[in-house]
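# Observations on chain architecture
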Amino acid sequence: MRDYLLTLCVTAAVTYLLTGPVRKFAIATGAMPEIRARDVHREPTPRLGGIAMFFGLCAGLLVADHLQNLNSVFELSNEPRALLSGAALIWLIGVLDDKFELDALIKLGAQMISAGVMVAQGLTILWLPIPGVGVVSLTSGQGTLLTVALVVVTINAVNFVDGLDGLAAGMVCIAAAAFFLYAYRLWYGYTIEAAAPATLFTVILMGMCLGFLPHNMHPARIFMGDSGSMLIGLILAASAISITGQVDPDALKIFEGSTRQATHAALPVFIPLVLPLTIIAIPMADLVLAIVRRTWKGQSPFAADRGHLHHRLLEIGHSHSRAVLIMYFWSALIAFGTLAYSVHSASMWIVLCVVALSAIGLVLLLLPRFTPRAPRWAQSVVPPRYRRRTPVPVVAELAPEPAEERVPVPAGLHGSTAIGNRARFTDRRKAGTPS
């Protein structure tokens, strides 16, 4: 764990320190597109934040390669090299898109090629564990198609939620944290070496997001752009592929005893293996809804609009920061709820906690519709919008005199001694100036 923390800190530090110079570089090169109709920011903001994140990825892999406990990942597996090759390609296309606005089909083709590069170097899905059926081996063609589809879907899901300051980086960081805990448990809890690459990928991904978030929180000073969103989406997909397609469920020794006992024992392990996309359920839901919405209107699935989930939160009445925090909340609830259920599926407390937190999340969503007022004893600890409005007392000295008691007093040169009804918008021109 100490080596993982060191890798995470180095990745976060390199990303954080490079983001400032990258921002200046983006401004100098003109990578500041005009504000579009779907954007929520009001001032042109530089992109190319993915450059700093990519060098953070390189720094994390380099440090891990020189650590004694993590060096075996590079010696026993070719997955880190496959990840770096695919990440470099998708990052380069993203940089070009941030500067020159490439066509959506070109980016889609680059995503498929990046996935194919990883498949060619061994990072692919070999089999799928299916509850009630067992382990299903896949042919090379089936594994390639499934791997490419998973990479493309995950990249676009992350890209679609990159619409508010700090939203994509924070949600991917939450998903990476959940993946890391699960992969770490497989590696050290079940002594499965095949889970080591996914553990390394997720901890590096966490460092990239944590290092970039201080520059990207509202109001953002720089955006990650497609060079960053597609990069972190690819790394997240590579982690899911490594966990799902490389870890043999038979090595977990869960198929013992009766069929019912084996199925019950396998359930906590099958959930994250078969459904890795539950970790990014919010981005996936946004992706599916966007495709259905745009297709229903007769538009291209890649046409941009303001119908994403974060846009709807803003329309309801949430502020920018609150909308981001609500998305964080639901992502963490789904990701860590799935993780907790995979560890203790027989515990009813986990289900009750998830239900209770879901109810709290629904209340948070409805706050702009029904703004409650806090009791008097909590006035000092709640935000101003939830405090009770108290009438402003009228000071007796400032109260207007009755009209019949007013005595007209001649005004001075500038009207400073005038008393009585004044015009709402006074003429502030100096005396003697032409009208």
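Please refer to the structure placed before this passage.
Residues numbered from 1 in each chain as written. Predicted model: local features only at pLDDT ≥ 70, side-chain atom pairs only at ≥ 80, totals over all residues. Heavy atoms only, no water.

## What about the overall build of the chain?
The secondary structure content of the chain amounts to 14 helices and two strands. Relative to all contacts within the chain whose residues are 6 or more apart in sequence, the contacts with residues 24 or more apart total 73%. Total accessible area computed for the chain in this model is approximately 22,700 Å², and 65% of it derives from carbon and sulfur atoms. (Helix = DSSP H or I, 4+ residues; strand = E, 2+ residues; numbered from the N terminus. Contact = heavy atoms within 4.5 Å. Areas by Shrake-Rupley, 256 points an atom, 1.4 Å probe, with all protein chains shown as cover.)

## Topic: helix α5 (residues 104-120)
Structural remark: α-helix, 3.6 residues per turn; residues separated by three or four positions point the same way. Over its 17 residues, α5 runs 24 Å from end to end, which matches the ideal 24 Å to within 8%, given 1.5 Å per residue. Capping of α5 at its N-terminal end is provided by Asp-103; its side-chain oxygen lies 3.0 Å from the backbone amide nitrogen of Leu-105. At the exit of α5 stands Gly-122, carrying a positive phi of roughly 105 degrees. (Expected span 1.5 Å × (residues − 1). Polar contact = N/O pair within 3.5 Å; in protein donor to acceptor, adjacent residues only side chain to side chain.)

## Overview of the environment of Val-172
Along the chain, the position of Val-172 falls in helix α7 (residues 167-189). Given a relative accessible area of 4%, Val-172 falls into the buried group. When neighbours within four sequence positions are excluded, Val-172 is seen to be in contact with Val-158, Leu-205, Cys-209 and Ile-232. (Buried < 20%, exposed > 50% of the residue type's maximum accessible area, 1.4 Å probe, protein only.)

## Considering the pattern of salt bridges
Applying the stated criterion across every chain, the model contains three salt bridges. The residue Asp-226 makes a salt bridge to Lys-107 at a minimum N-O spacing of 2.9 Å. Taken together, the positions of Asp-226 in helix α9 (residues 225-246) and Lys-107 in helix α5 put the pair 119 residues apart, joining distant regions of the chain. Among the residues examined, Lys-107 registers a relative accessible area of 15% and is labelled buried. Members of the salt-bridge network, linked through shared partners, are Asp-97, Lys-107 and Asp-226. (Salt bridge = Lys/Arg side-chain N within 4 Å of Asp/Glu carboxyl O.)

## Some details on the nonpolar core
Counting residues in each nonpolar core, the largest one holds 88 residues, and the members touching the most others are Leu-57 and Leu-200. Not counting chain neighbours up to four residues away, the residues in contact with Leu-200 comprise Tyr-4, Thr-7, Leu-61, Ala-64, Leu-70, Val-73 and Phe-74. Counting residues in hydrophobic clusters, the runner-up holds five residues, among them Phe-160, Met-284, Leu-287 and Ala-290. (Core = buried A, V, L, I, M, F, W, Y, C linked by side-chain atoms within 4.5 Å.)

## Quick notes on the packing of aromatic side chains
Any pair of aromatic rings gets described here by the distance separating the centres and the angle formed by the planes. If you walk through the whole model with that rule in mind, you get seven aromatic pairs. Centroid distance Phe-54 to Phe-55: 6.0 Å. Interplanar angle 75 degrees. Geometry classified as edge-to-face. Taking relative accessible area as the criterion, Phe-54 reaches 8% and is therefore assigned buried. On the basis of relative accessible area, Phe-55 is assigned to the partly exposed category, the value being 40%. Among the aromatic residues, those joined into a ring-pair cluster are Tyr-4, Phe-180 and Tyr-184. (Phe/Tyr/Trp six-rings, centres within 6.5 Å; stacked < 30°, edge-to-face > 60°.)

## A few points about the packing of helix α4 (residues 79-100) against α5
The axes of two packed helices give the description: the angle between them and the distance between them. Relative orientation of the contacting elements α4 and α5 amounts to 165 degrees, with a least axis distance of 8 Å. By the angle between their axes, α4 is roughly antiparallel relative to α5. The element α4 and its partner α5 pack so that their crossing is right-handed. On the side of α4, the interface is formed by Ala-82, Leu-83, Ser-85, Gly-86, Leu-89, Ile-90, Ile-93 and Asp-97, while α5 contributes Lys-107, Ala-110, Gln-111, Ile-113, Ser-114, Val-117 and Met-118. Along the lines of polarity and charge, the residues of the contact of α4 with α5 split into nine nonpolar, four polar and two charged. (Axes fitted to C-alpha atoms, helices over the stretch in contact; angles between N-to-C directions. Parallel < 35°, antiparallel > 145°, perpendicular 65-115°, else oblique. Left-handed = near helix turned anticlockwise from the far one by under 90°. Nonpolar A, V, L, I, M, F, W, Y, C, P; charged D, E, K, R; others polar.)

## Brief notes about the side chain of Thr-199
Inspection of the secondary structure assignment puts Thr-199 in helix α8 (residues 196-216). Within the structure, Thr-199 has its side chain in polar contact with the backbone oxygen of Ala-183 (distance 3.5 Å). Beyond its immediate sequence surroundings of up to four residues, Thr-199 is in contact with Tyr-4, Phe-180, Ala-183, Tyr-184 and Trp-187.

## Quick look at unusual backbone geometry
Peptide bonds are, in most cases, trans, and in most cases residues other than glycine have a negative phi. The linkage connecting His-218 with the following residue, Pro-219, adopts the cis geometry, with an omega of -5 degrees. With respect to the helices, strands and loops of the structure, Pro-219 is situated in the loop between α8 and α9. The phi torsion at Leu-48 lies on the positive side, around 65 degrees, for a residue other than glycine. Relative to the assigned elements, Leu-48 resides in the loop between α1 (2-29) and α2 (49-65). Judged by its relative accessible area of 3%, Leu-48 is buried.

## Re the environment of Ala-82
Its location among the elements puts Ala-82 in helix α4. It is 9.4 Å that separates the C-alpha atoms of Ala-82 and Ala-238, two residues lying 156 residues apart in sequence. The residues touching Ala-82, leaving out its near neighbours within four places in the chain, are Met-118, Gln-121 and Leu-123.

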